[in-house]
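Examining the three-dimensional arrangement
For reference, the chains in residue letters:
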Protein chains: 2
Amino acid sequence: MDESKDKRSQSSNDSTVPRAVVSRLSLYLRELQQLVHDGNTTTNSTQLGTLLGFTDAQVRKDLAYFGQFGYPGIGYRCEELIAAVKKILGTDRSWPVAMIGLGNLGRALLRYRGFHQQGFQIAAAFDVDAEKIGSHVEGIEVFHLDDLAEVVAAKGIRLAIVAVPALAAQTVADSLVEAGIEGVLNFAPVTLVLPDRVSRVGVDLAIELEQLAFAVVNQPENP
Amino acid sequence: MDESKDKRSQSSNDSTVPRAVVSRLSLYLRELQQLVHDGNTTTNSTQLGTLLGFTDAQVRKDLAYFGQFGYPGIGYRCEELIAAVKKILGTDRSWPVAMIGLGNLGRALLRYRGFHQQGFQIAAAFDVDAEKIGSHVEGIEVFHLDDLAEVVAAKGIRLAIVAVPALAAQTVADSLVEAGIEGVLNFAPVTLVLPDRVSRVGVDLAIELEQLAFAVVNQPENP
């Protein structure tokens, strides 16, 4: 995840929660959902930690930023903790999302079922390719980028995914800001210039591989 | 980026470099490459910092983990720093990569031009769909997953990208370990169980949106 600018995130009670903690919160949520799927009603910090490679102390410390969730002698009630974490992350509601860019990556992201499962609905797609405008992909209407502000307002869209080429990304970002978008998930390999009030997360696919290469090269005994 | 297990990465001189520093290193590389593309021969920690939203002190502190790169009165020579960072990241060489899974996401990743630009070549693709086996996508041959070990050895592949459904991911991971893969970039929304000697980076697309939702919800004055 692109770390530029968003080092710390505000928690709902205004104390500053380190981004790394919020990241792990999402991992806890994913594991909890899997535990429930597998038939578990309770869990504990040791089990959660083991599943993710964290210590039990780390798990408890992370959750302690947000409240007390454990029951003595029981641990955590999975469904209850899931609901609490969703509330903290803000995913206890449905979020309509705009997809900007319907190239290979945009189309693939449009079809990604995992978004819907976590409360994110791609509500509209935008492109500048005349052949795509007016069509429907996976039931989602494709608008021209010029219609961004109007559609964003009409559909109450607050988040956007940017899947356009690097050269187009900043212009798209400017349009998103103008249209009132509050958060941008950026897949273009550039750092976007955005007002501080607009949240941003960046995923640079090549950087992810670079991070992997570094880890491999620095494994003991590896060249 | 999925943080499970890989909290710290070993640097080439065996001191432990925080993962966050290595992440930022990739961001510096990206900005340096853009600076060179725009005609700059030198830069400095203030400029690099400004481009990314970091302080100049942060930039210098990060680079100091790996050596001294600045020239008094000049700052950094871009091309030299690029070469140095690539060496540190291990991307001063070509990495053949295996793509596992040719669904929507896998196909899109196969076409992603950014990988090649940073020295990563998708050398082979793998799937279990009979219709895809034996075909070529973007000039890359599609093999059956059963041929993984043989092809990995023949092509000297050390890294793999996993773009299969969650339910299939662990089985795929086991096969990758057996085939001698040293690093896994995982897009399936599950935590993979891998031996410690195998490096892993996870990208969970829904979690990226969750992180964004949290940031938006916690912006001052946002509901």
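Residues numbered from 1 in each chain as written. Chains lettered and ligands numbered in written order. Predicted model: local features only at pLDDT ≥ 70, side-chain atom pairs only at ≥ 80, totals over all residues. Heavy atoms only, no water.

Within chain A, the secondary structure is distributed over nine helices and eleven strands. Projected onto the principal axes, the alpha-carbon positions of chain A cover approximately 60 × 50 × 35 Å. Considering only contacts in chain A between residues 6 or more positions apart, those separated by 24 or more positions represent 54%. Between the mean site of the 20 positive side-chain charges and the mean site of the 27 negative ones, chain A shows a separation of 6 Å. (Helix = DSSP H or I, 4+ residues; strand = E, 2+ residues; numbered from the N terminus. Contact = heavy atoms within 4.5 Å. Lys, Arg positive; Asp, Glu negative; His and termini not counted. Charge placed at Lys NZ, Arg CZ, Asp CG, Glu CD.)

This brings us to unusual backbone geometry. Residues other than glycine seldom take positive phi values, yet Glu-138 of chain A does so here, at roughly 55°. Among the residues examined, Glu-138 of chain A registers a relative accessible area of 51% and is labelled exposed. (Buried < 20%, exposed > 50% of the residue type's maximum accessible area, 1.4 Å probe, protein only.)

Laying chain B over chain A is done by rotating through 180° and shifting 0.0 Å along the axis; what remains is an RMSD of 0.0 Å. Both chain copies can therefore be described as sitting about a two-fold axis. Most of the interface of chain B is mirrored in chain A: 100% of its interface residues are interface residues there too. (Least-squares fit on C-alpha atoms with pLDDT ≥ 70 in both.)

Once that is clear, we can look at the interface of chain B and chain A. Each partner contributes residues to the interface: chain B has 80 residues there, and chain A has 80 residues. Between chain B and chain A, a total of about 6,900 Å² is buried, with carbon and sulfur atoms accounting for 62% of that surface. When the buried area of chain B at its contact with chain A is split by residue, Arg-30, Leu-209 and Phe-214 of chain B rank highest and sum to 11% of it. In this assembly, chain B and chain A are joined by two salt bridges. Its salt-bridge partner being Arg-30 of chain A, residue Asp-204 of chain B comes within 2.8 Å of it at the nearest N-O pair. Between the two partners, chain B and chain A, sit 26 residue pairs in polar contact (both at pLDDT 80 or more). The leading source of residues in the side of chain B that touches chain A is helix α9 (residues 205-217) of chain B, at 13 residues. (Buried area = accessible area lost by both parts, 1.4 Å probe. Salt bridge = Lys/Arg side-chain N within 4 Å of Asp/Glu carboxyl O. Polar contact = N/O pair within 3.5 Å; in protein donor to acceptor, adjacent residues only side chain to side chain.)

Let's shift gears to the packing of aromatic side chains. For the structure on display, the rule yields eight aromatic pairs over all chains. With centroids separated by 6.3 Å and ring planes inclined at 50°, the aromatic side chains of Tyr-65 of chain A and Phe-66 of chain A adopt a geometry described as tilted. Here Tyr-65 of chain A falls in the partly exposed class, since its relative accessible area comes to 31%. Here Phe-66 of chain A falls in the buried class, since its relative accessible area comes to 19%. Between Tyr-112 of chain B and Phe-115 of chain B, the ring centres sit 5.0 Å apart and the planes meet at 70°, which makes this aromatic pair edge-to-face. (Phe/Tyr/Trp six-rings, centres within 6.5 Å; stacked < 30°, edge-to-face > 60°.)

With that settled, the discussion passes to helix α4 (residues 78-89) of chain A. All names here are of chain A. The end-to-end C-alpha separation of α4 is 16 Å, in line with the 16 Å expected for twelve residues at 1.5 Å each. By the burial criterion, the buried members of α4 are Cys-78, Leu-81, Ile-82, Ala-84, Val-85, Ile-88 and Leu-89. Buried residues in α4, looked at end-on, bunch into an arc of 165°, giving them a common side. In α4, those exposed residues whose orientation departs by more than 90 degrees from the buried face are Glu-79 and Lys-87. Positive backbone phi, at 85°, marks Gly-90, one or two positions downstream of α4. (Expected span 1.5 Å × (residues − 1). Arc of directions from axis to C-beta.)

Let us look at the domain arrangement of chain A. Parsing chain A into structural domains produces domain 1 (3-88) and domain 2 (95-208). Of note, the centres of domain 1 of chain A and domain 2 of chain A, computed from C-alpha atoms alone, are 29 Å apart. (Domains from an automatic or database assignment.)

Next up on the list: the pattern of salt bridges. Where charged atoms from two side chains of opposite charge approach closely, those side chains can pair. Residues and elements named next belong to chain B. Throughout the structure, instances matching the rule amount to 14 salt bridges over all chains. The shortest N-O distance in the salt bridge between Lys-132 and Asp-129 comes to 3.6 Å. According to the relative accessible area criterion, Lys-132 is partly exposed, its value standing at 23%.

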